[in-house]
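# Architecture and fold: a report
Residue-level listing of the chains:
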Amino acid sequence: PKAPGPGAGPGTGDTVIEIGADGPGSGPGLGEEQMQTVELTPANYLESRATAIESVQSTILELGTIFQQLQSVVAEQQVMVSRIHDETDRAVLDVESGQAQLMSYYRRLSSNRPLVMKIFAMVVFFMMLYGIFVA
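These numbers come from a predicted model, not from an experiment. (Residues numbered from 1 in each chain as written. Predicted model: local features only at pLDDT ≥ 70, side-chain atom pairs only at ≥ 80, totals over all residues. Heavy atoms only, no water.)

### Focus: the overall build of the chain
The condition that has to hold: To qualify as a helix, a DSSP run of H or I must reach at least 4 residues; to qualify as a strand, a run of E must reach at least 2; elements of each kind are numbered from the N terminus. With a 1.4 Å probe rolled over the protein chains alone, any residue whose accessible area is under 20% of its type maximum counts as buried; one over 50% counts as exposed, and the rest are partly exposed. For the accessible areas, the method is Shrake-Rupley and the probe is 1.4 Å, while residue cover comes only from the protein chains on display.
Regarding its fold elements, the chain presents one helix and two strands. Listed N to C, the secondary structure of the chain is β-β-α in terms of helices and strands. Classification of the 135 residues of the chain by burial places 4% in the buried group. Accessible area of the chain: about 11700 Å², with a carbon and sulfur share of 65%.

Next comes the structure, spelled out in structure tokens:
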């Protein structure tokens with residue numbers, strides 16, 4: 001296909017678009033007699049350009065609405081992500097607090113172990129003493 005610019009037509013100032021059968025897939029024996037010429041007058045050319053501009057404008061408007069919808073979805077997701085982040089921070093603080101409590105209990109239990117063993121030894125000693133003198 002060949003599309004000369006405006007004013008390149010055969011002496012009339014028209015735009016000529018030639019669509020020939022010389023392109024790929026042409027069979028043998030096809031020549032100039034099957035070539036089709038479409039002439040566009042300046043009015044037709046302007047009309048086709050206006051239609052193309054309207055098409056582009058409608059596409060841009062559609063894209064604008066799509067981006068507005070995307071913006072609202074992103075805003076909703078941002079709120080959810082912020083909430084998840086806050087809950088995660090709170091969970092980390094709770095875990096750290098629980099670990100501190102467990103370590104405190106472990107230290108208290110570890111420091112009382114010798115005392116517990118002394119008390120247990122005293123109880124065993126008094127049971128043996130009671131068993132020997134009372135029984």
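### Points about the confidence of the model for the chain
The condition that has to hold: pLDDT is a per-residue confidence score from the predictor, ranging from 0 to 100. Whether two residues are in contact is decided by their heavy atoms: any pair within 4.5 Å suffices.
Scored by pLDDT, the chain has a mean of 79; 70% of the residues are at 70 or more. Taken element by element, the chain is modelled with least confidence in strand β2 (residues 36–40), mean pLDDT 51, and with most confidence in helix α1 (residues 42–134), mean pLDDT 91. Across residues 7–12, confidence stays below pLDDT 50; counting only partners more than four residues off in sequence or on other chains, it has seven contacts. Residue range residues 30–37 is modelled with pLDDT below 50. Its contacts to residues more than four positions away, or to other chains, number 13 contacts.

### With respect to the pattern of salt bridges
Where we set the bar: What makes a salt bridge here is a side-chain nitrogen of Lys or Arg within 4 Å of a carboxyl oxygen of Asp or Glu, nothing more.
This structure, assessed with the given rule, holds one salt bridge. Measuring nitrogen to oxygen at the nearest pair gives 3.1 Å for the salt bridge that ties Glu-87 to Arg-90. In this pair, Glu-87 and Arg-90 both sit in helix α1, three residues apart, roughly one turn of the helix. With relative accessibility at 47%, the residue Arg-90 sits in the partly exposed group.

### Details of a nonpolar patch on the surface
Rules: What makes a patch is a set of residues exposed beyond 30% relative accessible area and free of salt bridges, joined within 9 Å when like-charged and within 5 Å when nonpolar (Val, Leu, Ile, Met, Phe, Trp, Tyr).
Together, Phe-120, Met-122, Val-124, Phe-125, Phe-126, Met-128, Leu-129, Tyr-130, Ile-132, Phe-133 and Val-134 line one region of the surface with nonpolar side chains, adding up to about 1200 Å² of accessible area. Looking at where Val-124 falls in the secondary structure, it is placed in helix α1.

### Remarks on α1
One full turn of an α-helix is made of 3.6 residues, so residues set three or four places apart face in the same direction. Just so we agree on the cut-off: By this rule the span expected of a helix is its residue count minus one, scaled by 1.5 Å. Working definition for bend: take the seven residues up to and ending at a residue and the seven starting at it, fit an axis to each, and measure the angle between the axes.
For α1, which comprises 93 residues, the first-to-last C-alpha distance of 131 Å matches the rise-based estimate of 138 Å (1.5 Å per residue) to within 8%. Where α1 bends most, at Arg-113, the angle is about 40°, and the proline Pro-114 comes one to four residues later.

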